Amino acid sequence: MRMLLRGAAALAAVVTVASLTSGAAAHPRTERAAGTVPSSEAAQIPAGVTAGVAVFDREAGTFTEQVNDSAQFRSASVVKLLLALDFLWNRGPDYTIPAADRARLEPMLRGSDDDAANHYWSTYGGSAIIKRMLDRPALGLRDTAAPPAEYAGYWGYTAMSARDTVAVYRYILEKAPAPVRTFIMDNLRRSTRCSSTDHFDQHFGIAGSFDRPWAVKQGWAGKYGNGTCGSGAESARTQAESAAPAPRAAAGVDLTRPALHTTGTVGADDRTIVAVLTLHPVGTSYGKAYTDIGRLTRSLNVPGGVRPAGTWFGTWGELVSVREGPTTGDDRITRLPAGVEVLVGCQTRGQVVDVPPYTNEWWAYLPLYGGYMSNIYISSPDNRLPNVPECGSPRP
């Protein structure tokens, strides 16, 4: 039985277009110059989104953002942090990790592998893992709770809050034995764009808002359709929830609306811990949720965070390809979730793309993907995007 809820996902490649619709944002929005971070009075939460937010500046020892930070959300794959900690707890003076467990833990932390989470949940007592974590004063968890009894097999229904998520990272960074800290954080810094289980793009939120260094553990849950990430992988529908009983609200934890969470650290020496937990209206597409959590994350005051320069645009179309160069013959890097917002760094002329009645020779370079997409799939009235320099030219 699959144990519910993935971590996060990745963008894919090939283009199949059904209709021309407006993108996530019809008008471009230019990002501040690289290296600057806005000071925000409060998180800017998109309409229809329920969010719990906590941002903690470790250098100053204070929170810079707190919005509904004690509210419980189903954790999705964020709970994998607790599964890893539980396994590593008191492993001896050298904290040796057997090869078989390293082969599970690394993809669980980097690619949010669900099979690995299933193994640790079933092998080490399921909900008893959460009880052990709650009984450990060093963690200081206040809002975390095991899944409801009728969902005891589903680790993704563990409840967590934004402030508890910050507490988990603070334990890892400030109290955990050095081998534990190094193992977990090094793997989170190596987060893969594509989730290893269901091919979702997991570089949203923190990973899509800041230049490295960052480390992330993402989470998502809900009927988001198919993952599209990877150079050639077929779309794979999430299966974890299909095996679960019909969800309901449990002890104040919403198990019905689609969830998308971004958690981790930003900046040199893991300066700032960021936890953004979100719920979206039923029926929200993955691309829309991806865009909304990105906008919310970019609105936050995150000391030490460096934002990539560029202009944000909405996109249209299904499975739009991002390629290594500005032609359809270049290798495909990934495919975009339908309607996702993208950061454009520059644009260049390339192969003419025809989607009748439209024709466009311009291609946009997407720095967060390291590749190009045809401007024909960007929500802008002109073939050449406004206020975007040609590649190789200085920004206007």
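This write-up is about the structure you can find in this document. Because the structure is predicted, anything quoted here is derived from the model rather than measured. (Residues numbered from 1 in each chain as written. Predicted model: local features only at pLDDT ≥ 70, side-chain atom pairs only at ≥ 80, totals over all residues. Heavy atoms only, no water.)

### Description of the sheet that holds strand S10 (residues 259-266)
Phase 1: Strand order across the open sheet formed by five strands is S4-S3-S11-S10-S7, with antiparallel pairing between neighbours. Edge strands, defined here as strands with exactly one partner in the open sheet, are strand S4 (62-67) and strand S7 (214-221). In this sheet, neighbouring strand axes are inclined to one another by 5° on average, regardless of whether the strands run parallel or antiparallel.
Phase 2: Judged from the eight bridges that link them, strand S3 (residues 50-57) and strand S11 (residues 272-279) form a sheet pairing that is antiparallel. Residue Val-55 lies in a different strand from S11, and its bridge partner there is Val-274.
Phase 3: Across the sheet, helix H5 (residues 162-174) touches S3, S4, S7, S10 and S11, and the angle it forms with S11 is around 150°.
Phase 4: Packed onto the sheet, helix H6 (residues 178-189) meets S7 and S10 and runs at close to 75° relative to S7. (Pairing = 2+ DSSP bridges. Helix = DSSP H or I, 4+ residues; strand = E, 2+ residues; numbered from the N terminus. Axes fitted to C-alpha atoms, helices over the stretch in contact; angles between N-to-C directions. Contact = heavy atoms within 4.5 Å.)

### Describing the state of the cysteines
Simply put, the disulfide is a covalent bond whose two ends are the sulfur atoms of two cysteines.
Phase 1: One pass over the full model with this rule turns up two disulfides.
Phase 2: Here Cys-194 pairs with Cys-229 through a disulfide, and the sulfurs are 1.9 Å apart. Where Cys-194 bonds to Cys-229 through sulfur, the torsion about that S-S bond is close to -75°, and the disulfide is left-handed. Of this pair, Cys-194 sits in the loop between H6 and S7 while Cys-229 sits in the loop between strand S8 (226-227) and strand S9 (236-237), placing them 35 residues apart in sequence.
Phase 3: The class for Cys-194 is partly exposed, based on a relative accessible area of 24%.
Phase 4: Across a sulfur-sulfur distance of 2.1 Å, Cys-346 and Cys-391 are joined as a disulfide pair. What sets the handedness of the Cys-346 and Cys-391 disulfide is the S-S torsion sign, and at about 90° it is right-handed. Linking Cys-346 in strand S16 (residues 346-355) with Cys-391 in the segment after strand S18 (371-374), this pair joins segments that are 45 residues apart in sequence.
Phase 5: The class for Cys-391 is partly exposed, based on a relative accessible area of 26%. (Disulfide = S-S within 2.5 Å. Buried < 20%, exposed > 50% of the residue type's maximum accessible area, 1.4 Å probe, protein only.)

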